[in-house]
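Residue strings, one per chain:
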Amino acid sequence: MTWSPQPPTAAAPPSAGRSRVPAVIAAALFVPALVAAKILVLMTEKGGRCLMYGGCAPFPGAVFLVLCGAAALAMLLALAAPPRLRGPALAAQLVLEPSAVALVLAFP
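Owing to the predicted nature of the structure, the values given are computational and were not obtained by experimental measurement. (Residues numbered from 1 in each chain as written. Predicted model: local features only at pLDDT ≥ 70, side-chain atom pairs only at ≥ 80, totals over all residues. Heavy atoms only, no water.)

Asks: Can you tell me about helix α1 (residues 20-42), naming the residues and giving the values?
Replies: Between its terminal C-alpha atoms α1 stretches 34 Å, which fits the 33 Å expected from 23 residues at 1.5 Å a residue. Considering bend angle alone, the principal kink of α1 is centred on Phe30 and spans about 30°; proline Pro32 follows within four residues of it. Where α1 is buried, its residues meet α2 (45-53), α3 (61-80) and α4 (83-106). (Helix = DSSP H or I, 4+ residues; strand = E, 2+ residues; numbered from the N terminus. Expected span 1.5 Å × (residues − 1). Bend = angle between axes of the 7 residues up to and from the residue. Contact = heavy atoms within 4.5 Å.)

Here it is in structure tokens:
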């Protein structure tokens, strides 16, 4: 400790990295969740009939791609945006990814 005043140091706030780890974990678990959802759908009677005989409702691929793209953009924002935008970006990612998984569950 010195008697002369020290200039303040610019330290990162403690919450600056709190959204990075969950964003990466959620992104890493997204593809296995999609695969598990599709397997669960195909294990149902309707899903098995759809797989064997066809004639099912078409999968909304455009909506699915928009959800996946928006989730990827939210993840990038949660990783690279200024700290005040990371929390809302993580929240958006955590809403968009389960929405895409639910869409897979809804269509066999």
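Asks: Tell me about a nonpolar patch on the surface, residues and numbers included.
Replies: On the surface, a cluster of nonpolar side chains totalling about 600 Å² of accessible area is made up of Val31, Val35, Ile39, Leu40, Met43 and Leu105. For the nonpolar patch, the leading source of residues is α1, giving 4 residues. Judged by its relative accessible area of 52%, Leu40 is exposed. (Patch = residues over 30% accessible without salt bridge, like charges linked within 9 Å, V, L, I, M, F, W, Y side chains within 5 Å. Areas by Shrake-Rupley, 256 points an atom, 1.4 Å probe, with all protein chains shown as cover. Salt bridge = Lys/Arg side-chain N within 4 Å of Asp/Glu carboxyl O. Buried < 20%, exposed > 50% of the residue type's maximum accessible area, 1.4 Å probe, protein only.)

Asks: Report on the side chain of Glu97, specifying residues and quantitative values.
Replies: One can find Glu97 in helix α4. Of the side chains bearing the opposite charge, Arg20 lies closest to the buried Glu97, which forms no salt bridge; the N-O distance is 16 Å. (Lys, Arg positive; Asp, Glu negative; His and termini not counted.)

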